[in-house]
Amino acid sequence: MKKHKNIQNNSILKECEFPIIKHFLLEKSKESALVHMSECSYCLEKITALTGVLKEDNIERLLADDKKTALSEDEIIKLAEAFAENPSNLKDLHPEESEILFSDNKSLELFQIIAASLQKDFQKSLKKTPDYLKNIAFERLKSEKTSSERFYIKIKNGIKLIGEFADNLFVIPQTAEAAAFRSALPVEHEALPSSLSFYTKNDKERILYHAVQDGPNTVMISIKIQNFSPGLKTINLRKEGRILRSHSAKDDTAYFSRISPGLYYIELKDAQNNVIKDIELNILNS
Amino acid sequence: MLKYKTEDALDKEDQVKNIIKQLKEGNSEKISEFFNLYSDDIYNFPIRFYQFNEDEAGDFYVYAFEHLENGKRLKFYSEKSKFSTWFYSVLRNLTIDFLRAKKEKVKTVSTARLDDNGHLQEFIDSIPDKRLSNEEPIKEKLFYKKFKEKLNNLEISKRVLLKLAYIYYMDLTVEEIKWLQDNHGANTENILTKLIELKEIAHEKSKEVVFVENKLTENFQKIQKLQEKLDSFFKENPSIKPDAKNWSADYENKDIPPEIIEQIHSLMKKKKKQISLLEQQEKSLSSTRLPYKNLSEILNTSQGVLSVQLHRIIEKFDVFK
């Protein structure tokens, strides 16, 4: 066996010639594949990667090109509803549209989604939305305050930033240096991510955040401000309208430790007590 | 024959139409009721139709929420169709936007320097991650390219069989549906009805896969981390021999410090757990393949023949070779 780059990331694993895919998918050799995979990380990762590749196919097709569906969405919906009433309605009632439908992959894909959603037991088969996600929505809708930036940090089973898709938000990959943190996590959680770093950027202004799980149910947030106007005076942490903690901004940094789950606001204020920036911070533990 | 809508679903339709009417009249507070009624649809949509895992579906939920919370998009509903069918087309478009936003975002490499207490000391600027540039595609992209090539080079009869067997992941194209129609004597409506049913069967079978895969990944990460720690210890202490061949969950060795012995025990326990998870995964992964009985119905071929044909295709279809 020779050393080879890992399939999933770039760590080093021993390359293996065992035909794992074949053995794994064929009934007669499954057992030998399992035994082999329990000892061989390279082959285990092949199987994991296979699932990823299959999933990627679906996504690639969805994003394939900008070409719109040959039929309009309204027409596809109409066809799917007619089909749901009775499949023969498709050609009997809409011969021209159905002909186009059966010649266009994109139209057919949307058609199948809508037709599937109209099945009798479809609603019953839906999974319940996790409470923490519903809380994000309903807490947000209850809140009267509108912040320019919003973050959701989930701390159960490892720390995770939810919704890292905002245009101006960048997540910093974890590095060995970032491992220098204090942690009260139990040993069995040692392999789960316990810290994360990200920053937001607006023109030259940048705010870097570092979140560390500093207790089973708490998180410490460090903030570093870069390229803000010189007037910045204080950085406050607010909850339910009250200032919980306040830091002078003279070093352009602030630390808030032992923050328990809830909705918070981080305020950047100038010497005249004007709010320069208001950031919504949601800590979730579910 | 597919079975359609129940009274509950009709109630939901009436309720949401009332909510949309009030939103259009300026009663923006009604948006909470909308999310109460449609949260499960939003969360499940990408899991159901695009195989997102639960974490990804959570991210999508937040994305969709942020794009729907002001109610503007919902006001475009014109009652030409059922709300639910119209909303599923909106969710599909949101999925495309979400995936593009994730994909097009510039990935960067940067570091943060921290003091011993984990406080930020310095932020070292970010640069684009070259691994993601077009010149040097990452391994996953190569696998995917190879996969597509192999799939597209298969004869259409074999390609259709493979796709149908794993319909949970792969959709048939219009060309493949036409081939089914021409070669297996069913009309397109029946084929579509059958495909929707098959996807439903595959989805139900896939639920266990997701659960086991999450556990497997978590355990695998723990094993890797422990392995790295142990490797690093033995590298820093070359005078101590690892004796890895004899490691077990109750391994003892006076020459190795107790805290390292504990890590060895932990590693071996996790490896044992990995085997039992893999056994579960084997059951669940094989369950994502459609049963031969269902394949046989749509292809009008005996189960035995299909089983042999599928085995032959898989034997040649190793994207990692």
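Residues numbered from 1 in each chain as written. Chains lettered and ligands numbered in written order. Predicted model: local features only at pLDDT ≥ 70, side-chain atom pairs only at ≥ 80, totals over all residues.

Caption draft 1: Highlighting the overall build of chain B. Each helix and strand counted, chain B has 11 helices and two strands in total. Going residue by residue from the N terminus, the α and β elements of chain B occur as α-α-α-α-β-β-α-α-α-α-α-α-α. Within the span of chain B, comprising 321 residues, buried residues form 26% of the whole. (Helix = DSSP H or I, 4+ residues; strand = E, 2+ residues; numbered from the N terminus. Buried ≥ 20, exposed ≤ 12 C-beta atoms within 10 Å, placed from the backbone.)

Caption draft 2: Layout of the packing of helix H8 (residues 131-142) of chain A against helix H3 (residues 54-68) of chain B. Direction vectors running N to C along H8 of chain A and H3 of chain B enclose 15 degrees, while the axes themselves pass 10 Å from each other. For the element pair H8 of chain A / H3 of chain B, the angle class is roughly parallel. Along this stretch, H8 of chain A crosses H3 of chain B, giving a crossing that reads as right-handed. For the pair H8 of chain A and H3 of chain B, the contacting residues are Leu-133, Ile-136 and Ala-137 of chain A in the first and Gly-58, Tyr-61, Val-62 and Phe-65 of chain B in the second. A breakdown of the residues in the contact of H8 of chain A with H3 of chain B according to their chemical character gives six nonpolar, one polar and no charged. (Axes fitted to C-alpha atoms, helices over the stretch in contact; angles between N-to-C directions. Parallel < 35°, antiparallel > 145°, perpendicular 65-115°, else oblique. Left-handed = near helix turned anticlockwise from the far one by under 90°. Contact = placed C-beta atoms within 7 Å. Nonpolar A, V, L, I, M, F, W, Y, C, P; charged D, E, K, R; others polar.)

Caption draft 3: Looking closely at the nonpolar core. Counting residues in each nonpolar core, the largest one holds 102 residues, and the members touching the most others are Ala-80, Phe-111, Ile-114, Ala-115 and Val-219 of chain A together with Tyr-61 of chain B. Among the elements that make up this core, the one with the highest residue count is helix H2 (residues 31-50) of chain B (nine residues). Of all hydrophobic cores here, the second largest spans 11 residues; its members include Ile-21, Met-37, Leu-50 and Val-53 of chain A. (Core = buried A, V, L, I, M, F, W, Y, C linked by C-beta atoms within 7 Å.)

Caption draft 4: Region of interest: the sheet that holds strand E6 (residues 195-202) of chain A. Residue and element names in this part refer to chain A. As summarised here, the arrangement of the five strands in space is E5-E6-E7-E8-E11, forming an open sheet in which the pairing is antiparallel. Edge positions in the sheet fall to strand E5 (169-172) and strand E11 (253-259), since each has one partner strand and no second. Mean inter-strand twist for the sheet, computed between neighbouring axes without regard to direction, equals 20 degrees. Sheet analysis places strand E8 (residues 218-226) next to E11, joined by five bridges and oriented antiparallel. Within E11, the position partnered with Val-219 by the bridge is Ile-259. (Pairing = 2+ DSSP bridges.)

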